[in-house]
Amino acid sequence: MSDPWVIDVEPLTRQRGRQMQGTVEAAIEPISVPGGEIAATEPVRLRYRLTHTGDRHIWLEARLTARARLTCDRCLERYDAVLETRYEEEYRPRPAGAAAEAEPDDAGETRVAYYDDHRVDLREGVRQNLLLAMPAKQLCREDCRGLCPRCGRNLNEGPCDCPAEEGDPRLAALEEWLRQHRDGEET
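The structure reproduced in this document is the subject of the present report.

Scoring rules and cut-offs
- Residues numbered from 1 in each chain as written.
- Predicted model: local features only at pLDDT ≥ 70, side-chain atom pairs only at ≥ 80, totals over all residues.
- Heavy atoms only, no water.
- Core = buried A, V, L, I, M, F, W, Y, C linked by side-chain atoms within 4.5 Å.
- Buried < 20%, exposed > 50% of the residue type's maximum accessible area, 1.4 Å probe, protein only.
- Helix = DSSP H or I, 4+ residues; strand = E, 2+ residues; numbered from the N terminus.
- Contact = heavy atoms within 4.5 Å.
- Patch = residues over 30% accessible without salt bridge, like charges linked within 9 Å, V, L, I, M, F, W, Y side chains within 5 Å.
- Areas by Shrake-Rupley, 256 points an atom, 1.4 Å probe, with all protein chains shown as cover.
- Salt bridge = Lys/Arg side-chain N within 4 Å of Asp/Glu carboxyl O.
- Pairing = 2+ DSSP bridges.

## Considerations on the nonpolar core
- Membership of the largest hydrophobic core comes to 38 residues, with the highest contact counts inside it found for Trp 5, Ile 38, Val 44, Leu 46, Val 126 and Leu 130.
- No other element matches the seven residues that strand β6 (residues 57-71) contributes to this core.
- Aside from chain neighbours lying at most four places away, what touches Trp 5 is Val 24, Ala 26, Ala 27, Ile 28, Val 44, Leu 46, Val 120, Asp 121, Leu 122, Arg 123 and Val 126.

## Observations regarding unusual backbone geometry
- One non-glycine residue, Ala 39, lies in the positive phi region at around 65 degrees.
- Even without a glycine there, the phi angle at Leu 76 is positive, about 65 degrees.
- Given the relative accessible area of 55%, Leu 76 is considered exposed.

## Section: a nonpolar patch on the surface
- Together, Leu 171, Leu 174, Trp 177 and Leu 178 make up an exposed nonpolar region whose accessible area comes to about 370 Å².
- Looking at where Leu 178 falls in the secondary structure, it is placed in helix α2 (residues 172-182).
- Taking the relative accessible area as the measure of exposure, Leu 178 reaches 33% and is therefore partly exposed.

## Quick word on the pairing of strand β7 (residues 78-93)
- Pairing of β6 with β7 involves 14 bridges; the strand directions are antiparallel. When the bridges of β7 are listed, Leu 60 appears paired with Glu 89.
- Connecting the antiparallel pair β6 and β7 is a turn made up of six residues, with Leu 76 showing a positive phi of about 65 degrees.
- Pairing of β7 with strand β9 (residues 110-115), which is carried by five bridges, proceeds in the parallel orientation. Considered in β9, the bridge of Glu 90 is made with Val 112.

## Structural notes on the pattern of salt bridges
- Tallying each qualifying case throughout the model produces 15 salt bridges.
- Here Arg 123 and Asp 3 are joined by a salt bridge, their closest N and O atoms 2.1 Å apart. Residue Arg 123 is found in helix α1 (residues 123-133), and its partner Asp 3 is found in the segment before β1 (6-8); the two are separated by 120 residues along the sequence.
- Taking relative accessible area as the criterion, Asp 3 reaches 31% and is therefore assigned partly exposed.
- A salt bridge links Arg 45 to Glu 25; the nearest nitrogen and oxygen atoms lie 2.9 Å apart. One end of the pair, Arg 45, is in strand β5 (residues 44-54); the other, Glu 25, is in strand β2 (residues 19-26), with 20 residues separating them in the sequence.

Listed below in structure tokens is the structure:
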């Protein structure tokens, strides 16, 4: 059985400008992230177009979709999120004598990776771009109210029974000044 994440580009490299497109829908190794995992429950979907740009260089344009199981930063509840991203990469044949583990080059905003034996492995680009697609702030919903700082109740489920919080006594003078100016009074 062939690996769906490895694409044979030999027919593509026969002529500059030749293109190949397709879709891969397959599982990847789940990616652990703070507060959850990416691609642990469903396959990842990648729509791609490969273009031979000359000298056996392959240009990848991709659209990636995956499901992540995350923990909300405010209320600490688990939730499912869909990660979607578009990205581009360049693949080059590995230079003769280069180690098989050679690191990809960083050519500005575009990742440059190497391939061997006319086979492009998309797995590492998928992994890196899923990590980049992660939200900086993981929220189960935009209006998540979080937890009560005193009793820990999830405020999305309703208000807690804690008494109303009194202001910080260090800010009493500022609160008095604001109260006076809101009422149009000046001292």
